[in-house]
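Geometric and topological summary
This is what each chain is made of:
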Amino acid sequence: MAEVVLRDVVKTYGALPVVHAINLDIAHGEFVVLVGPSGCGKSTTLRMIAGLEDISGGEVRIGDRMVNDLPPRDRNISMVFQNYALYPHMTVRENLGFSLHIAKRSKPEIAKAVAEAADILSLTPLLDRKPGQLSGGQRQRVAMGRAIVRHPDVFLFDEPLSNLDAKLRTQMRVEIKRLHQKVGTTIIYVTHDQVEAMTLADRIVIMRDGHIVQIGTPLEVFERPVNSFVATFIGSPPMNLMPATVTGGALRLADGTALPLPPGLSAHEGQAVQFGVRADNIMPEGHSLPPTAHMAHVDMPVTLTEPLGTETLLFGTLAGTEVQAKMLNPRPVRTGEVLRFGIALDKCHLFDAETGASLRV
Amino acid sequence: MYQMRLPPWLVLLLPAFVILLAVVAIPLVLSLYSSFTAFQLTRPETITRWIGTFNYGKAMGDANFWAAFGRAVLLLTLALNLEMLLGLGLAVMVAKVTLGQRLLRTMMMFPMMFSPILVGFQFKFIFNDNVGLLNNALQSLGLTDVAIPWLVDGNLAFLAIVAAEVWTSTSVFAILILAGIFAIPQDPVEAARVDGCTPWQTFRYVTLPFLMPFIYIAMAIRSLDVARAYDIVQVMTAGGPARRTELLWTLIGRTGYVDARMGYANAMGYIAILLSIVFTVYFFRKLTTARTSLGMGD
Ligand SMILES: Nc1ncnc2c1ncn2[C@@H]1O[C@H](COP(=O)(O)OP(=O)(O)O)[C@@H](O)[C@H]1O
Ligand SMILES: [Mg+2]
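Residues numbered from 1 in each chain as written. Chains lettered and ligands numbered in written order. Predicted model: local features only at pLDDT ≥ 70, side-chain atom pairs only at ≥ 80, totals over all residues. Heavy atoms only, no water.

**Here's the deal with empty space enclosed by the protein**
Empty space among the atoms can be located by rolling a probe the size of a water molecule over them. Applying the stated rule across the entire model yields one cavity of 30 Å³ or more. In this structure, the largest cavity occupies an estimated 30 Å³ of space. Going through the elements one at a time, strand S6 (77-80) and helix H4 (136-148) of chain A together with helix H8 (186-194) of chain B are the ones with two or more residues in the lining of the largest cavity. Class assignment of the residues belonging to the lining of the largest cavity gives a composition of five nonpolar, one polar and two charged. (1 Å grid on protein atoms, 1.4 Å probe; cavity = no way out; pocket = protein on both sides within 12 Å on 5 of 7 lines; lining within 4 Å. Points joined across faces, edges and corners; volume = space filled by probe spheres on them. Helix = DSSP H or I, 4+ residues; strand = E, 2+ residues; numbered from the N terminus. Nonpolar A, V, L, I, M, F, W, Y, C, P; charged D, E, K, R; others polar.)

Next up, the structure:
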């Protein structure tokens, strides 16, 4: 039952800084996901919160306590590791009860807590097995069970699903979300998978090279990315980015195609920009969402198709850049076929070509 | 002319067979056979005097033999446990060192590089009651003013031998346990820290179970070593005073080569080997159990 606050938290390995003065306020009961490409400092941040790494600078608070110098055991947190980190010599039952055993709880109390956790995670038939006799998904559930028996203030998850196959990952994702709804504990969850981040988070923290790039709800970071990095990192398929310049109040793509300037964006005359449009906002006519007030139209030959069932991804080339578009109620499309696409300009983005910063006002 | 052709695989294996036969099988059979005779080294013709299991029966009823047997078990127990504890402590400490660890690891091996005979002489000197280092040190420090008869008192002499054994071979444990420490996965250790363990509890509940297989390997190696202890004891006390430090192999060696009763010595030797086998089997069992419990078995 606690909020977590990071104030100018820094981590350096020797002279090498890997986390640069990050600030983060996590409310009690919130589900926050740290997401970013591999090596951006997510695990390091999480491990500083856990107490597994020294904090080189700044302050970490859990509840009303400054925990910088507290060992992990005094922080009342529990953590689920990427490789499960189960105790191989203990049975599932012993793994689950270990922290309570260390906390010197009574036998019946431990048995009750273990039975409860096992029940929530459907581990009851496996209680007497050793981790070596479990499948990956089962091990993952034991790791989660071990975390929940203690009723900690904060759950920390470090890429807990990345070793599972796609189907199991989707399943466990739902279980984790359900678990959060049930126990209501603060969760800090690290992943490099933006789908996991979008589906799980109350708020997403996007990190890059040891900096926080953007913090926001899944919809906020999806709809209003602060820069081109977030724009391409969040959302699947990634947002299409095309180099363009602003001339004469219009947007001129590399091949000279002129488009009206998307509304709500501030770009000055002659500015070099990146024009960003998601596949959902560029659709062939007759297979699209209802047109909005600001539509532009382009003809584009289709080079590749990816049928997904309810929709088909169309690959084409626009102004020398490969572009992915979406086709609703799909019909078969031949490669080379030229389709007329509508672009919903009011959903489009402009980023400064140099800094990548969003030009949305 | 008819020529016998042996199959090539047999021709190729033949030298190995011949060597094995000459150096292992024949001595083994011969010594086993002689343990059923009244063979005396000084009277070679006695090797044909078959006396059945007389030698074995005699050993079974020989109080000196059983005393030596018991002492060997005691030495094994004391030395192995001490070496394990010291080796564990040493390994844990060395694993913490970051600067100069290689050098430390190499230095740790030094005692193993000396001939046991020389170690025996060295410790004989250290424990000498007149000129020995230990008594001199104790007296200079004012801890005692009598000359403690280290190698003259039977119990003290036994402890002196334990000390020499431990000094030479603690590094066997230290090195193997250190290898174990380096092989421990970090995840469970971190999980334990998060689960509320103090450093000691982490060691006790997570690190140590991971080290047990390495400890049992060291135990198995060292139990063979100590069960055949001869050189250090022979040099330091020669089994004395008054047989108070007599071990199996000093007794067997004396019976065979000094008393020349080779048949009897061989019979005792075969019983003694049983001891080694029992200990080795025991530790391998423990090793297997420890590995299985870590999910490393099969
Ligand atoms: N013990 C360490 N020593 C030096 N550099 C490290 C150490 N641990 C991590 N790093 C570096 O810190 C950066 C962030 O690592 P990490 O937090 O594990 O990234 P992520 O979890 O986001 O993939 C990486 O560039 C990594 O190489
Ligand atoms: Mg990581």
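Back to the write-up after that little detour.
**Re the interface of chain A and chain B**
Taken together, the contacts link 24 residues of chain A with 19 residues of chain B. When chain A packs against chain B, the two sides together hide about 1,900 Å² of surface, and 59% of this comes from carbon and sulfur. The largest share of the area that chain A buries against chain B comes from Arg73, His89 and Ile102 of chain A, three residues that together contribute 30% of it. Counting across the interface, chain A meets chain B through two salt bridges. (Contact = heavy atoms within 4.5 Å. Buried area = accessible area lost by both parts, 1.4 Å probe. Salt bridge = Lys/Arg side-chain N within 4 Å of Asp/Glu carboxyl O.)

**Re the packing of aromatic side chains**
Aromatic ring pairs are defined here through the distance separating the ring centres and the angle between the ring planes. Going through the model one piece at a time under the given rule, you end up with 19 aromatic pairs over all chains. Taken together, the ring pairs in this structure connect Phe114, Phe123, Phe127, Trp150 and Trp167 of chain B into an aromatic cluster. Lying over the aromatic face of tyrosine 87 of chain A, arginine 146 of chain A brings its terminal NZ or CZ to 4.7 Å of the ring centre. For lysine 58 of chain B, the ring lying beneath its charged end belongs to tyrosine 264 of chain B, and the centroid distance is 4.3 Å. (Phe/Tyr/Trp six-rings, centres within 6.5 Å; stacked < 30°, edge-to-face > 60°. Lys NZ or Arg CZ within 6 Å of the ring centre and 35° of its normal.)

**Section: helix H5 (residues 116-126) of chain B**
Every α-helix winds through 3.6 residues per turn, so residues three or four apart in the chain are directed the same way. All names here are of chain B. Looking only at H5, the buried set comprises Val119, Gly120, Phe123 and Ile126. The buried residues of H5 all sit within an arc of 125° when viewed along its axis, so they share a single face. Contact partners of the buried residues in H5: helix H6 (133-140), helix H7 (154-183) and helix H10 (231-236). (Buried < 20%, exposed > 50% of the residue type's maximum accessible area, 1.4 Å probe, protein only. Arc of directions from axis to C-beta.)

**A look at the domain arrangement of chain A**
A common way to report how large an interface is uses the accessible area buried once the components associate. Residue and element names in this part refer to chain A. Once the domains are mapped, chain A shows domain 1 (4-232) and domain 2 (235-352). A straight line from the C-alpha centre of domain 1 to that of domain 2 covers 38 Å. At the junction of the two partners, domain 1 supplies eight residues and domain 2 supplies eight residues. Taken as a group, Phe222, Ala231 and Thr232 account for 56% of the area that domain 1 buries against domain 2, more than any other trio of residues on that side. The tally of links from domain 1 across to domain 2 stands at zero salt bridges. For the pair domain 1 and domain 2, the number of links is two residue pairs in polar contact (both at pLDDT 80 or more). For the side of domain 1 that touches domain 2, the secondary-structure elements that each account for two or more residues are helix H7 (218-223) and helix H8 (228-233). (Domains from an automatic or database assignment. Polar contact = N/O pair within 3.5 Å; in protein donor to acceptor, adjacent residues only side chain to side chain.)

**A few points about the environment of isoleucine 232 of chain B**
Residue and element names in this part refer to chain B. Residue position: isoleucine 232 is located in helix H10. Residue classification places isoleucine 232 among the buried positions, given a relative accessible area of 3%. Sequence separation between isoleucine 232 and tyrosine 270 is 38 residues, and the spatial gap between their C-alpha atoms is 22 Å. Not counting the four nearest positions on each side in its chain, isoleucine 232 is found in contact with Pro116, Val119, Gly120, Ala164, Glu165 and Thr168.

**Concerning the confidence of the model for chain B**
All names here are of chain B. Confidence along chain B averages 89 in pLDDT terms, with 99% of residues attaining 70 or more. The least confident element of chain B is H6, whose mean pLDDT is 87; the most confident is H8, at 94. At the level of chain-chain contacts, confidence expressed as ipTM amounts to 0.85, with global pTM at 0.83. (pLDDT = per-residue confidence, 0-100.)

**So, the sheet that holds strand S5 (residues 65-66) of chain A**
Residues and elements named next belong to chain A. An order of S2-S1-S4-S5 is seen for the four strands of this open sheet, with the pairing classed as antiparallel. Because the sheet does not close on itself, it has two edges, and the strands there are strand S2 (16-26) and S5. In terms of strand pairing, strand S1 (residues 4-13) meets S2 through seven bridges, oriented antiparallel. If you follow threonine 12 over to S2, its bridge partner there is proline 17. (Pairing = 2+ DSSP bridges.)

**Here's the deal with the sheet that holds strand S16 (residues 295-307) of chain A**
Residue and element names in this part refer to chain A. Read from one edge to the other, the open sheet built from five strands follows the order S15-S19-S16-S17-S18, with strand pairing classed as antiparallel. Edge strands, defined here as strands with exactly one partner in the open sheet, are strand S15 (282-284) and strand S18 (321-328). Neighbouring strand axes in the sheet, compared pairwise and without regard to direction, differ in orientation by 50° on average. Direction of pairing for S16 relative to strand S17 (residues 311-318): antiparallel, over a ladder of five bridges. Opposite glutamate 306, over in S17, you have leucine 313 as the bridge partner. (Axes fitted to C-alpha atoms, helices over the stretch in contact; angles between N-to-C directions.)

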